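Examination of the molecular architecture
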Amino acid sequence: TKGAAAGALPDNIVASKTLTVCSAVNLPPMEFFSANQKPEGVDIDLANELAGRLHLTTKIINIPFAGLIPALLAHNCDVIMSQLFIKPPRLKVIDEIPYMYSQEGFIIKAGKPKLKGPEDLSGKKAASVTGTTATDLMKAANEKLAAAGKPPITIVLFPENTPALQQVQFGQVEAYGVAYETALYYAALAPSQFQVGGDPYFKILTGIGVSKDTPGLRDALTEQLAAMRKDGTYAKIFTKWHIAADMLPE
Amino acid sequence: MKPPRISDERLIELTGIEKWFGKTKVLDGVDFHVRKGEVVVLIGPSGSGKTTLLRCINHLETVEAGQVKVRDELIGYRMRRGRLVADYERNIAYQRREVGMVFQRFNLFPHMTVLENITIAPLKLRDVPRQKAEEDAMELLRKVGLPDKAHAYPAQLSGGQQQRVAIARALAMQPAALLFDEPTSALDPEMVGEVLAVMRDLAGTGMTMVIVTHEMGFARQVADRVVVMANGQVIEEGEPDRIFSDPQHPKTRALLSAVLH
Amino acid sequence: MKPPRISDERLIELTGIEKWFGKTKVLDGVDFHVRKGEVVVLIGPSGSGKTTLLRCINHLETVEAGQVKVRDELIGYRMRRGRLVADYERNIAYQRREVGMVFQRFNLFPHMTVLENITIAPLKLRDVPRQKAEEDAMELLRKVGLPDKAHAYPAQLSGGQQQRVAIARALAMQPAALLFDEPTSALDPEMVGEVLAVMRDLAGTGMTMVIVTHEMGFARQVADRVVVMANGQVIEEGEPDRIFSDPQHPKTRALLSAVLH
Amino acid sequence: MHFDWGYFWSQLLTPSGAFLHGLFLTVLMAVAAQLLGSIFGLGVALCKMAPNRVLRAVAGGYIWIIRGTPLLVQIVFIYTGLAAANILRFNDIALPGGVIFPGSVQAGILALALNEAAYMAEIYRSGILSVDRGQFEAAKALGMPPAMMFRYIIMPQALRIILLPIGNQFNIMLKNTTLVSVIGVSEMLLVTETINSATFRTFELYAMLALYFLLLTSLWHLFMSWAEQRLARSSDRLAAPRKTLAGGKEAAA
Amino acid sequence: MHFDWGYFWSQLLTPSGAFLHGLFLTVLMAVAAQLLGSIFGLGVALCKMAPNRVLRAVAGGYIWIIRGTPLLVQIVFIYTGLAAANILRFNDIALPGGVIFPGSVQAGILALALNEAAYMAEIYRSGILSVDRGQFEAAKALGMPPAMMFRYIIMPQALRIILLPIGNQFNIMLKNTTLVSVIGVSEMLLVTETINSATFRTFELYAMLALYFLLLTSLWHLFMSWAEQRLARSSDRLAAPRKTLAGGKEAAA
Ligand SMILES: Nc1ncnc2c1ncn2[C@@H]1O[C@H](COP(=O)(O)OP(=O)(O)OP(=O)(O)O)[C@@H](O)[C@H]1O
Ligand SMILES: Nc1ncnc2c1ncn2[C@@H]1O[C@H](COP(=O)(O)OP(=O)(O)OP(=O)(O)O)[C@@H](O)[C@H]1O
Ligand SMILES: [Mg+2]
Ligand SMILES: [Mg+2]
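Residues numbered from 1 in each chain as written. Chains lettered and ligands numbered in written order. Predicted model: local features only at pLDDT ≥ 70, side-chain atom pairs only at ≥ 80, totals over all residues. Heavy atoms only, no water.

Here's the deal with the overall build of chain B
The line we're drawing: What counts as a helix is a DSSP run of H or I of at least four residues, what counts as a strand is a run of E of at least two, and both are numbered from the N terminus. Between the two quantities, the radius of gyration covers C-alpha atoms and the globule rule is 2.2 Å times the number of residues to the power 0.38. Buried residues are those whose accessible area, probed at 1.4 Å on protein chains only, stays under 20% of the maximum for their type, while exposed residues exceed 50% and partly exposed ones sit between those limits. A 1.4 Å probe and the Shrake-Rupley method give the accessible areas. Residues count as covered only by the protein chains that appear here.
Per the secondary structure count, chain B includes nine helices and twelve strands. Here the C-alpha radius of gyration of chain B, 18 Å, is about what a compact globule of 261 residues would show, namely 18 Å. Considered along the principal axes of its C-alpha atoms, chain B spans approximately 55 × 50 × 40 Å. In chain B, buried positions account for 56% of the 261 residues. If you sum the accessible surface of chain B, you get close to 11,500 Å²; carbon and sulfur atoms cover 48% of it.

Focus on the site of ligand 1
Residue and element names in this part refer to chain B. To keep it simple, the criterion reads: Nearness is judged by heavy atoms alone; a residue qualifies as near a molecule or strand once a single heavy atom is within 4 Å of it. N or O atoms within 3.5 Å of each other form a polar contact, as long as, within protein, one can give a hydrogen and the other can take it, and as long as residues adjacent in sequence are counted only when both atoms are side-chain atoms.
Taken together, Phe21, Val26, Pro45, Ser46, Gly47, Ser48, Gly49, Lys50, Thr51, Thr52 and Glu182 are the residues near ligand 1. Measuring from an oxygen atom of ligand 1, one finds a backbone N or O atom of serine 48 at 3.2 Å. Considering ligand 1 on its own, with 630 Å² of exposed area, one finds that the protein chains cover 56% of that surface. At three residues, helix H1 (residues 50-57) tops the list of elements feeding residues into the shell around ligand 1.

Considering the pattern of salt bridges
The condition that has to hold: What counts as a salt bridge is simple: a side-chain nitrogen of Lys or Arg found within 4 Å of a carboxyl oxygen of Asp or Glu.
On inspection of all chains with the given rule, the structure shows 50 salt bridges over all chains. B:Lys19 serves as the salt-bridge partner of B:Glu61, at 3.8 Å between the closest nitrogen and oxygen. With B:Glu61 in the loop between H1 and strand S4 (65-70) and B:Lys19 in strand S1 (residues 10-21), the pair connects residues that are 42 residues apart, well separated along the chain. Classification of B:Glu61 by relative accessible area gives buried; the value is 14%. Look at the salt bridges and you will find they share partners, linking A:Asp95, A:Lys212, A:Arg218 and A:Asp219 into a network.

Some words on the sheet that holds strand S10 (residues 208-212) of chain C
Residue and element names in this part refer to chain C. Where we set the bar: The rule for pairing is simple: two strands pair if DSSP sees at least two bridges between them. Lines are fitted to the C-alpha atoms to define the axes, a helix being fitted only along its stretch in contact, and any angle between axes, read from their N-to-C directions, falls within 0 to 180 degrees.
Judged by pairing direction, the sheet is mixed, and its six strands sit side by side in the order S8-S9-S10-S3-S11-S12 without closing on themselves. Strands at the two margins of the open sheet, each flanked by one partner only, are strand S8 (99-102) and strand S12 (233-238). For this sheet, the mean inter-axis angle between neighbouring strands, taken without regard to orientation, is 20°.

Describing the relation of the copies chain E and chain D
Put simply, the test is: The fit set for superposing copies consists of C-alpha atoms from residues with pLDDT of at least 70 in both; the fit itself is least squares. We call two residues contacting when some pair of their heavy atoms lies within 4.5 Å.
By a simple turn and slide, chain E fits onto chain D: the slide is 0.0 Å along the axis, the RMSD is 0.1 Å, and the turn is 180°. The relationship between the two copies is best expressed as a two-fold rotation axis. Identified as the residue of chain E closest to the rotation axis by C-alpha distance is E:Leu179, at 4.1 Å. Of all interface residues in chain E, 100% are interface residues in chain D too; the two copies therefore contact each other through one and the same surface.

Considering the sheet that holds strand S8 (residues 99-102) of chain B
Sheets are built from strands that pair by backbone hydrogen bonding, the pairs being arranged parallel or antiparallel. All names here are of chain B. What the six strands build is an open sheet, ordered S8-S9-S10-S3-S11-S12; its pairing is mixed. Edge positions in the sheet fall to S8 and strand S12 (233-238), since each has one partner strand and no second. The sheet shows a mean angle of 20° between the axes of neighbouring strands, taken without regard to direction. Relative to strand S9 (residues 177-181), S8 is paired through four bridges, and the arrangement is parallel.

Overview of the interface of chain E and chain D
How we decide: In short, buried area is how much 1.4 Å probe accessible area vanishes from two parts on joining, totalled over both. Each residue gets one of three labels, nonpolar for Ala, Val, Leu, Ile, Met, Phe, Trp, Tyr, Cys and Pro, charged for Asp, Glu, Lys and Arg, and polar for the others, Gly among them.
Opposite the 36 residues of chain E that make contact, chain D presents 36 residues. Overall, the association of chain E and chain D removes approximately 3,000 Å² of surface from exposure, summing both partners, and the carbon and sulfur fraction of that is 75%. Linking chain E with chain D are eight residue pairs in polar contact (both at pLDDT 80 or more), by the criterion used here. Those elements that place two or more of their residues in the side of chain E that touches chain D are helix H3 (53-68), helix H4 (71-84), helix H7 (146-176), helix H8 (188-199) and helix H9 (202-239) of chain E. Among the residues forming the side of chain E that touches chain D, the class breakdown is 22 nonpolar, eleven polar and three charged.

Considering the state of the cysteines
Working definition of a disulfide: a covalent bond connecting the sulfur atoms of two cysteines. All names here are of chain A. To keep it simple, the criterion reads: Here, a disulfide means two cysteine sulfur atoms that sit within 2.5 Å of each other.
Tallying each qualifying case throughout the model produces one disulfide over all chains. Disulfide pairing is shown between cysteine 22 and cysteine 77; the S-S distance is 2.1 Å. Looking down the S-S bond of the cysteine 22 and cysteine 77 bridge, the torsion is -110°, so its handedness is left-handed. Pair noted here: cysteine 22 is in strand S1 (residues 18-23) and cysteine 77 is in the loop between helix H4 (68-73) and strand S5 (79-85), with a separation of 55 residues, a long-range link.

Section: a nonpolar patch on the surface
Formally: Patches in this entry comprise residues that are over 30% relatively accessible and not in a salt bridge; like charges within 9 Å are linked, as are nonpolar side chains (Val, Leu, Ile, Met, Phe, Trp, Tyr) within 5 Å.
The grouping of D:Trp5, D:Trp9 and D:Leu13 at the surface amounts to a nonpolar patch, some 380 Å² of accessible area in total. Checked against the element boundaries, D:Trp5 lands in helix H1 (residues 5-13).

A short note on the site of ligand 2
Residues and elements named next belong to chain C. Close to ligand 2 lie Phe21, Val26, Pro45, Ser46, Gly47, Ser48, Gly49, Lys50, Thr51, Thr52 and Glu182, which account for all nearby residues. Within the side chain of serine 46, an N or O atom sits 2.5 Å from an oxygen atom of ligand 2. Between an oxygen atom of ligand 2 and a side-chain N or O atom of threonine 51, the distance comes to 2.6 Å. For ligand 2, whose unbound accessible area comes to 640 Å², protein coverage reaches 56%. Counting residues per element, the shell around ligand 2 draws most heavily on helix H1 (residues 50-57), at three residues. Taken together, the residues of the shell around ligand 2 sort by class into three nonpolar, six polar and two charged.

With respect to the packing of helix H2 (residues 17-48) of chain D against helix H8 (residues 188-199) of chain D
Residues and elements named next belong to chain D. What counts, and what does not: Relative orientations are named as follows: roughly parallel for angles under 35 degrees, roughly antiparallel for angles over 145 degrees, roughly perpendicular for angles from 65 to 115 degrees, and oblique for any other angle. Should the near helix be turned counterclockwise from the far one by less than a right angle, the crossing is left-handed, whereas a clockwise turn marks it as right-handed.
In contact at an axis separation of 8 Å, H2 and H8 are set at 160° when each is read in the N-to-C sense. On the basis of the axis angle, H2 is roughly antiparallel to H8. Read as a crossing pair, H2 and H8 show a hand that is right-handed. Residue-level inspection shows Ala18, Phe19, Gly22, Leu23 and Thr26 of H2 in contact with H8, the latter providing Met188, Val191 and Thr192. Taken together, the residues of the contact of H2 with H8 break down into five nonpolar, three polar and no charged.

Structural notes on the interface of chain C and chain E
Every contact between the two is made by 31 residues of chain C and, on the other side, 29 residues of chain E. Between chain C and chain E the total buried area reaches about 2,700 Å² when both faces are included, carbon and sulfur atoms providing 64% of it. Counting the surface chain C buries against chain E, the share from its top three residues, C:Phe109, C:His111 and C:Gln156, is 23%. Where chain C touches chain E, the interface holds one salt bridge. C:Arg55 serves as the salt-bridge partner of E:Glu137, at 2.4 Å between the closest nitrogen and oxygen. Where chain C packs against chain E, one counts six residue pairs in polar contact (both at pLDDT 80 or more). When the residues that make up the side of chain C that touches chain E are grouped by side-chain class, the tally is 17 nonpolar, five polar and nine charged.

A closer look at the nonpolar core
This is how the line gets drawn: For the purposes of this section, nonpolar cores are sets of buried Ala, Val, Leu, Ile, Met, Phe, Trp, Tyr and Cys residues that join through side-chain atoms within 4.5 Å.
Among the nonpolar cores identified, the biggest contains 129 residues, and A:Ile107 and A:Tyr176 are the most heavily contacted of them. Looking at this core element by element, the count peaks at ten residues for H9(E). Ignoring anything within four residues of it in the chain, the contact list for A:Ile107 reads A:Leu165, A:Val168, A:Glu174, A:Ala175, A:Tyr176, A:Val178, A:Thr182, A:Ala183, A:Tyr186, A:Phe194, A:Gln195 and A:Gly197.

Let's talk about the packing of H2(D) against helix H7 (residues 146-176) of chain D
All names here are of chain D. Packing of H2 against H7 leaves a shortest axis separation of 11 Å and a crossing angle of 140°. Considering their axes alone, H2 and H7 lie oblique with respect to each other. Regarding H2 and H7, the two cross each other, and that crossing is right-handed. Of the residues in H7, those touching H2 at Thr26, Ala30, Val31, Ala33, Gln34, Leu42 and Leu46 are Phe150, Met155, Gln169, Phe170, Met173 and Leu174. The class makeup of the residues in the contact of H2 with H7 is ten nonpolar, three polar and no charged.

Written out as structure tokens, the structure reads:
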């Protein structure tokens, strides 16, 4: 069956023996640069495993989050592995293979009171990265707040994770709306600076982005993912990064 | 036989001036004075230091040794803790108002009309009301024969006209003395006469003047005293008739024979 | 009384040339020819079109009407579908090699030595081997009296020397004719003589030359024919003795009386 | 992927409110930074020419550092680095009327202005140095103190010379505002990227963005050409002698 | 937060391998883009001065668009926009020796070079126009076709004039490489940011980054001063007449 799946791969992938992965490599623990500038994280491990099973090697291309789908559409890469949530507008332009759940949360400064949900940020400033779901969730919260006659959240957009995080660090914003996994990571990395801003308030299926032009690749990846889940490699990776809660159910 | 309009008061007094440009000594122990009402003409070969001496009087050049006094006041220096130190630019600027200067190349302000050129200093430095300043300026323009050019710009004037405006501009600050550095040498020959005429009139009114010039005929006419420089030193001085008819120093003789022929 | 060295072949022939600069007609139906071996001197008041005519000969100016032919070949135009159209720059460049030009302001290439100035064109355009080109250049430098300046740069030469190098440079392409536009008028008077001497020698060797000049004595000596222009037209032409001693056209008379006195 | 002309035209001709706000921020930051930079740059230029050698060294060092490092680094340094070092933190300012002046915009304007000052200083300096020395001497000989000399005599003449380079600087400034997107100022580029991350009409959106910048810079270019022509005309008056002059006429000229 | 001098010095004096690689990429991109831009810019300049009016219009339009839009937009447009529109896609190229030449670096170099070309074109043009008209005429009169005239007569003289502006352009180019970080090229700025996101020593890291850029630009400045002096010395030869000349001596000069 492996041979059949590999046979359906696009010619250029077969020829180059390389799976090119677009990722916004700035969002630990999903994907980030290690001290010696090597990309690592959940998505990276998964990508390596999947590619290996297809007799390919991975190549990571680092692109700001808002540029990921355009890059895939432009065939600058074969897949997106960058904690890309599965959302209807995205499915209109690309295919997504579900591979995990993601949760949304906040990073806040260490020592500050925790939030119950985004509505607690009413009248305050919160950072988020352009093009991420956190932005949309806060916008939705603003609509609720408006209906309740409360002042909205001031959303400050950043092109990248780092400057957004720094806003929390320097107290320029109250909170940074980001993946719950990332919040956990930073709270563990620098507990004197950051803490997780409360329980996750949103959970969504997350997928590997594939171009609609390459159904063969999509099917091959889907097949290998299923195999990984069966033989336990999948669980191993999630456990390694302390986010077993995000695994797809059996 | 000093004319009676010259008082004994020494308006300008330079003693022991030394001035270096890099490694060349340009003024070499110059003593020089001008009495009130006197017209002094400075002559000397090119490079002898005439321009430099003139510029020392209103501190456009600093000196390495010696003193410059105007009305008995030290120019460019003040006492601090018993020692002479360079004065503030503001104070030097204040002192310069005593002495007007007319340059070889006129140096009118090209972005201002003739009237503005003349009134800017009284308006901004002496707080004269505008109307009074303009009336005074028109009076000066009549003196130099240019009342109809009040609203012209410098570039619209001939060289001779520009130099006359420059004289009017210097006079507008009502200085105690006027310094002229070869005021006609950048002019076309037709225009020299009109500027010299204005200077002659000025001398007649008892204005104190120091004039560097190569116009020996004019020098002889207006000078109360002629000072001859060579190699940064004053080599001879005296009444013009004496200097021109009976020069003592060989360099003076050489200079005059070169210029007069 | 045409000297025997002049053949009857018309090397350069301009017919009915009209040239406009914007709204002014600078050449107004000029017919002009030069025979092989002839020295023609062009004279005329300033602005009469002498320079423009000369520049038309090697197509440094385009013309609005008329034809320029060198050795019976049309310069600057070619036939396409039975009509004359502007020729390619490459072809025009090729045609220009027939006619050398010496400019008033020499226009030597400042970044090249004298030798390089002279050899660049033969080397690059006629594919002469370097050694041959340099030997020829040295020969030309001897002709113009500058063999020791071969490795000097133009800026190190006097005006007269530069102009002689410019002549050698033009000769190095072995043109059929040489055009001179006031070759001595940018020179200090002491240097005019040396350039005229070189031109006189050249005329003696039977070189075809067209010379615009104000040096009437020289013109009278070397010219086989003098052509007089005024207001963009040829108003008179003939042997130099006749033109200078008995000018027919009133404008020629006015010109000569102004120049000769 | 085909070029969606309909989308392109609709975005170009009826840009969204967010985009217009980005346009507004771009122009606001450029104008504010240019003004501040021009003022501060004049100070730097005067220090660079001051008799005091300490002042000269400080101004020289400032120019050296600013011109020797990338603007993008300066922007990040000022907004993030200074806050990280607890030196300066940009807090939002609530303006009367409920308008908020965000800290990132303040930082962006400051960084652009500090950068601009170094370039403006060199422009002023060359302008001032190109004024004839005789003008300085004439002003001094009249007894003008330095400040007055600069104000009335030197600067008016220097400004004529440097109008063109200043115009070029503003053109550069307009484009440099895009760099402020990295600290989260929603100027035109960041807004475009945000819109793109929802619509994925990348090519169309960037083409539109480029056209808007082209419009801004070209309008500015037209304005500068006009200003230069006016100046040339008024300089004619300063350079070309007139044949006949009557007081009244001249006053009107 | 105090300034951690130990960290600062260790990063400055013993930068990590990743940072050095960023430094290498910065210099590589700057040099490559400057070379390409200089060549392409010459072509644009010649077109802008060509007799053919279509060529002139195309070159003029190119310069207008490039100079009228921000470099940052051009970079994103070329990398993302062109690929999105299926016009041009930058794939990694494997060089012999196993070195990979990433697509984003290719796009960055191309964008920088295309941008540079517009500025270089104007520099060439002003250099060429400042060569005396007589030089053109003398070359034409000798029968040189246009290409040869430019090659041997005009360009050597124009290059002397434009050496200084070209030097300035490369200084700008060095700094402009930071903008390529937005398409994910790990040049010095992006490397610094990723190091920062793990260590949070923001101020120290940016100070170090600024110093490295200052070093690069200052080294370049020194080199240019030296080159200029050499040129001035060789121009002396072209300008100042010597009193005595002997063939042999001159040949050695
Ligand atoms: N700014 C300067 N720097 C260096 N040397 C100078 C400067 N100004 C004047 N000198 C030198 O000082 C000497 C005296 O110059 P100064 O201009 O006073 O002479 P001068 O008598 O006015 O001559 P002239 O009749 O030519 O105007 C000359 O040797 C001159 O070269
Ligand atoms: N490039 C040009 N553009 C406009 N007008 C020109 C140009 N070149 C020459 N003219 C005009 O054409 C006319 C003839 O000029 P030309 O230089 O041929 O005269 P000339 O006889 O050589 O005069 P001169 O003795 O002064 O050199 C003059 O009126 C001149 O002003
Ligand atoms: Mg003098
Ligand atoms: Mg002529």
